[in-house]
Amino acid sequence: MEYRFALTICVQLMLLWRAQKAAKSSTAVDDGGGWSLYSGYNLDDEGPCSIDVLDSSSLSHRQFLEQYAYTKPVILRGLTDNTKFRLLCSKSNLLEVYGNQRVRLSTANTYSYRKVDVPFQEYVDLLLRPQPLDTLGSDTLYFFGDNNFTEWHTLFDQYRAPSYVLPRTTGAYSFGIAGPGTGVPFHWHGPGYSEVIYGRKRWFLYPPDQDPHFHPNRTTLSWVTEIYPNLMEEEAPLECTIRPGEVLYFPDRWWHATLNLDTSVFISTFLG
Ligand SMILES: *[C@@H]1O[C@H](CO)[C@@H](O)[C@H](O)[C@H]1NC(C)=O
Ligand SMILES: *[C@@H]1O[C@H](CO)[C@@H](O)[C@H](O)[C@H]1NC(C)=O
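Quick caveat, the model's predicted, so the values are computed rather than measured.

For the rest of this paragraph, the subject is the site of ligand 2. All residues in the neighbourhood of ligand 2 are listed as Tyr113, Ser138, His215 and Asn217. Asn217 places a polar side-chain atom, nitrogen or oxygen, 2.3 Å from an oxygen atom of ligand 2. Classifying every residue of the shell around ligand 2 gives 1 nonpolar, 3 polar and no charged.

Set out below in structure tokens:
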């Protein structure tokens with residue numbers, strides 16, 4: 001009995017020590033918020049970056065409108081400071097506050113056919129399992145958009161949207177969390193921003209007049225492994241991997257596909 005008691009104390013001390021060590025070594029951006037980084041795939045390939053990456057202090061709102069807003073994507077650093085929002089999006093906090101609430105999932109194919117409602121806790125438990133490479137996008141459930149702004153407003157109220165807005169538009173948020181290896185295949189819509197709160201997200205884009213070669217029901221992961229390596233030079237997409245603290249702007253009707261390299265928490269601001 002005494003032996004077991006001592007062992008329990010030992011284990012508790014060890015856990016406490018590890019927690020303290022983790023707290024010391026973590027920074028707001030790099031700690032991952034408790035979201036697992038395990039994927040089961042080698043997703044370390046961030047690829048090249050062929051999109052302009054600029055510090056927002058070196059590009060004024062006016063220059064953004066003249067040089068990018070209507071012509072090409074750009075990645076801006078330091079445009080918003082979402083340190084507080086990031087803390088609220090840690091795994092433990094989101095599960096504590098929203099674990100029992102239902103979230104609406106969509107299939108991760110180009111035309112998002114199916115919708116399923118599950119408790120947030122169940123989605124989090126499911127998404128940490130890696131999925132086989134040949135799983136179809138139409139069989140992959142993805143939490144992005146369809147957010148209930150009544151239930152989640154205290155969280156979204158803390159999000160600082162990118163300040164370089166387009167004239168005569170208003171922003172609408174889509175919030176999501178997804179496992180490594182997931183992503184949405186090529187599709188297009190109006191202009192907007194995408195920011196990762198935790199994790200890295202690899203982006204592929206094509207201008208509106210250049211239709212990408214892809215199957216609407218296959219995942220981005222299968223596109224990256226099977227089609228992307230065989231593209232001719234003139235068929236190469238614009239691409240880059242974004243990290244917390246960076247926002248990617250995509251202009252109106254640009255084709256885009258995404259691949260989450262880590263478990264990612266992300267939010268888009270659609271400018272409609
Ligand atoms: C959002 O949540 C509220 C409060 O739980 C609920 O009454 C409402 O039906 C939900 N809206 C949608 C679109 O699910
Ligand atoms: C994609 O999957 C959906 C749902 O399973 C199906 O209805 C549709 O026909 C498929 N599209 C193609 C092009 O295979």
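The computed volume of the largest pocket comes to approximately 380 Å³. Taken together, 25 residues form the lining of the largest pocket, with Tyr142, Phe144, Val184, His187 and Phe270 sitting closest to its centre. Classifying every residue of the lining of the largest pocket by side-chain character gives 9 nonpolar, 13 polar and 3 charged.

Counting residues in hydrophobic clusters, the biggest one holds 39 residues, and the most contacted among them are Leu94, Phe120, Trp152 and Phe175. Element by element, the count of residues in this core is highest for helix H5 (residues 120-127), at 4 residues. One finds Leu43, Leu221, Val224 and Ala257 within the second-largest nonpolar core, a separate group that totals 14 residues.

On to the pairing of strand S1 (residues 52-55). The pairing of S1 with strand S2 (residues 74-77) spans 4 bridges and is classified as parallel. The residue of S2 that forms the bridge with Leu54 is Leu76. With helix H2 (residues 61-67) bridging S1 and its parallel neighbour S2, the resulting β-α-β unit is right-handed.

Tallied over the entire structure, the rule returns 1 disulfide. Note that Cys49 is cross-linked by a disulfide to Cys240, the S-S spacing being 2.1 Å. Taking the torsion about the S-S bond as the criterion, the Cys49 to Cys240 disulfide, at about -100°, is left-handed. Placement of Cys49 in the loop between helix H1 (2-25) and S1 and of Cys240 in strand S9 (residues 238-242) is noted, with a sequence separation of 191 residues between them.

This part covers the environment of Arg102. Among the secondary structure elements, Arg102 is positioned in strand S3 (residues 102-107). Since its relative accessible area comes to 53%, Arg102 is described here as exposed. Separated by 18 residues in the primary sequence, Arg102 and Phe120 have C-alpha atoms spaced 5.5 Å apart. The residues contacting Arg102, other than those within four sequence positions of it, are Asp117, Val118, Pro119, Phe120 and Glu151.

Cut-offs used in this document
Residues numbered from 1 in each chain as written. Chains lettered and ligands numbered in written order. Predicted model: local features only at pLDDT ≥ 70, side-chain atom pairs only at ≥ 80, totals over all residues. Heavy atoms only, no water. Near = heavy atom within 4 Å. Polar contact = N/O pair within 3.5 Å; in protein donor to acceptor, adjacent residues only side chain to side chain. Nonpolar A, V, L, I, M, F, W, Y, C, P; charged D, E, K, R; others polar. 1 Å grid on protein atoms, 1.4 Å probe; cavity = no way out; pocket = protein on both sides within 12 Å on 5 of 7 lines; lining within 4 Å. Points joined across faces, edges and corners; volume = space filled by probe spheres on them. Core = buried A, V, L, I, M, F, W, Y, C linked by side-chain atoms within 4.5 Å. Buried < 20%, exposed > 50% of the residue type's maximum accessible area, 1.4 Å probe, protein only. Helix = DSSP H or I, 4+ residues; strand = E, 2+ residues; numbered from the N terminus. Pairing = 2+ DSSP bridges. Right-handed = clockwise from strand over helix to strand, strands pointing away. Disulfide = S-S within 2.5 Å. Contact = heavy atoms within 4.5 Å.

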